[in-house]
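# Structural features, examined
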Amino acid sequence: MSSATLILWCIAGVLVVMSWRAGPGTIQKGLELTWKTTRANALLIILAFMIVGFVNVLSPEELVTAWIGPTSGWRGIAAAEFLGMLLPGGPYVVFPIIEILNQAGAGLAPVIALITSWSTQSLLTISFELPFMGWRFTSIRWGLGLAIPILAGAVAALIWG
Amino acid sequence: MKPFLKKHWVHTLLATVILILAGLAYARGGWQFVLAGLKSGLNILGRESVLLVAAFLTAGLLQAVVKKEFVARWLGQEAGLKGILLACLGGGLIPGGPYAYYPIAGALLSSGAGLGVLVAFVTAKNLWSVSRLPYEFAILGGTITLRRYLITFLIPPLLGILVEWLFGTKISAIQEGVKK
């Protein structure tokens, strides 16, 4: 079991104790809400994981490595933003890929833009965001977020470039 | 057909993406690749199912335990900067992938959290993340990690404030849209 799973179960445990103390019916209400959310989103979650699976097999990280290479400057930062959106998976998958680019000489600014873009603009994440938050939330958050990786890369270039 | 698509547009969108990706997989390696993609997705789903149950349980219990007045006061539109900073802290500390934190963000949304607060929560989860720090540090080294955290440190609260200022009033439309 991963530490994330363990921590989330601890949080759920604390919430069980809190609902137990909050008075009769609270736990039942919580479980009903849990079941309602699960039922409404089960199929979407399965679909989203199928997308994760296909992205895994298609391994766009090869594409990312091939494209960004050791380019730097504005072009490097812009490419990093775009490619960061395509990087799939958790930190243990993505950071090794970024390290390869870093060692290939990608430069600090594109590397920081890449980490930031993967963090805030990842397209794969949107498959999980839409069901729970809706398209309005996603378009506002993602749309305004588009400026962030480029800004982060530019600031890095200005300070340490 | 039309009302069906309108009601289930997220399903339709995700299914379309799957079809496109399956097509790409087929072009790359035939049915074997398509099958491998499906298998990989189900494998990851199976591996994460224990985490998913905890996330959905947390989301459900959160809505039952935390009173709407409490959310309104601490995380609602009126909470202002205090709510945004609190959300950043929560986002930075919560572990797990998007399938874990979006159900929780959805629970906060339906309990009455503000738009700036929710954006700050999601953004801090991805930029302040404490649970990710060890990987980043170990793989990319101290210099890059430190500089990356320094540069992106202000982004979650600033984006929260900006979003609240520009689109804060859209929160009820967002809430209604998800409820449907």
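Computed from a predicted model, the values in this text were never measured in an experiment.

A separate point is the nonpolar core. In this structure, A:Ile51, A:Phe54, B:Ala55, B:Ala105 and B:Leu118 are the most contacted members of the largest nonpolar core, which totals 100 residues. Residue contributions to this core peak at 18 residues, all from helix α2 (residues 9-65) of chain B. The residues contacting B:Ala55, other than those within four sequence positions of it, are A:Leu8, B:Gly96, B:Tyr99, B:Ala100, B:Pro103 and B:Ile104.

This brings us to the packing of helix α5 (residues 91-103) of chain A against helix α7 (residues 133-140) of chain B. Relative orientation and spacing of two packed helices are given, respectively, by the angle between their axes and the distance between those axes. α7(B) packs onto α5(A) with a crossing angle of 25° between their chain directions and a minimal axis gap of 9 Å. Overall, the two elements α5(A) and α7(B) adopt an arrangement that is roughly parallel. As for the relative orientation of α5(A) and α7(B), their crossing is right-handed in sense. Where α5(A) approaches α7(B), its residues A:Pro91, A:Tyr92, A:Phe95, A:Pro96, A:Ile98, A:Glu99 and A:Asn102 are matched on the opposing element by B:Tyr135, B:Glu136, B:Ile139 and B:Leu140.

Before going further, it helps to examine the confidence of the model for chain A. In the predicted model, chain A carries a mean pLDDT of 88, and the fraction of residues at 70 or more is 94%. Taking the mean pLDDT of every element in chain A, the minimum, 70, falls on helix α3 (residues 60-68) of chain A and the maximum, 95, on helix α7 (residues 123-145) of chain A.

Contacts between the two partners involve 72 residues from chain B, matched on the other side by 72 residues from chain A. A total of 34 residues in the side of chain B that touches chain A trace back to one element, the largest contributor, which is α2(B). The residue makeup of the side of chain B that touches chain A, split by class, is 51 nonpolar, 15 polar and six charged.

Note on interface size: it is often stated as the accessible area lost on association of the parts. As assigned here, chain A comprises domain 1 (1-43) and domain 2 (59-160). Computed from C-alpha coordinates alone, the two centres of domain 1 of chain A and domain 2 of chain A are separated by 33 Å.

In this section: the domain arrangement of chain B. Split into domains, chain B comes out as domain 1 (1-47) and domain 2 (66-179). Between domain 1 of chain B and domain 2 of chain B, the C-alpha centre-to-centre distance is 29 Å.

So, about helix α4 (residues 73-86) of chain A. Taking 1.5 Å of rise per residue, the 14 residues of α4(A) would be expected to cover 20 Å, and the 20 Å separating its terminal C-alpha atoms lies within 8% of that figure. The complete set of buried residues in α4(A) reads A:Gly76, A:Ile77, A:Ala79, A:Ala80, A:Glu81, A:Leu83, A:Gly84 and A:Met85.

On to the packing of helix α6 (residues 115-127) of chain B against helix α9 (residues 155-167) of chain B. Residue and element names in this part refer to chain B. At a minimum axis separation of 8 Å, α6 and α9 run at an interaxial angle of 155°. What the angle tells us is that α6 and α9 run roughly antiparallel. In the crossing of α6 with α9, the sense of the turn from one axis to the other is right-handed. Contacts from Leu115, Gly116, Val117, Val119, Ala120, Thr123, Ala124 and Leu127 of α6 reach α9 at Ile155, Pro156, Pro157, Leu159, Gly160, Ile161, Val163, Glu164 and Phe167. The residue inventory of the contact of α6 with α9, partitioned by class, reads 13 nonpolar, three polar and one charged.

Basis of the calculations
- Residues numbered from 1 in each chain as written.
- Chains lettered and ligands numbered in written order.
- Predicted model: local features only at pLDDT ≥ 70, side-chain atom pairs only at ≥ 80, totals over all residues.
- Core = buried A, V, L, I, M, F, W, Y, C linked by C-beta atoms within 7 Å.
- Buried ≥ 20, exposed ≤ 12 C-beta atoms within 10 Å, placed from the backbone.
- Helix = DSSP H or I, 4+ residues; strand = E, 2+ residues; numbered from the N terminus.
- Contact = placed C-beta atoms within 7 Å.
- Axes fitted to C-alpha atoms, helices over the stretch in contact; angles between N-to-C directions.
- Parallel < 35°, antiparallel > 145°, perpendicular 65-115°, else oblique.
- Left-handed = near helix turned anticlockwise from the far one by under 90°.
- pLDDT = per-residue confidence, 0-100.
- Nonpolar A, V, L, I, M, F, W, Y, C, P; charged D, E, K, R; others polar.
- Domains from an automatic or database assignment.
- Expected span 1.5 Å × (residues − 1).

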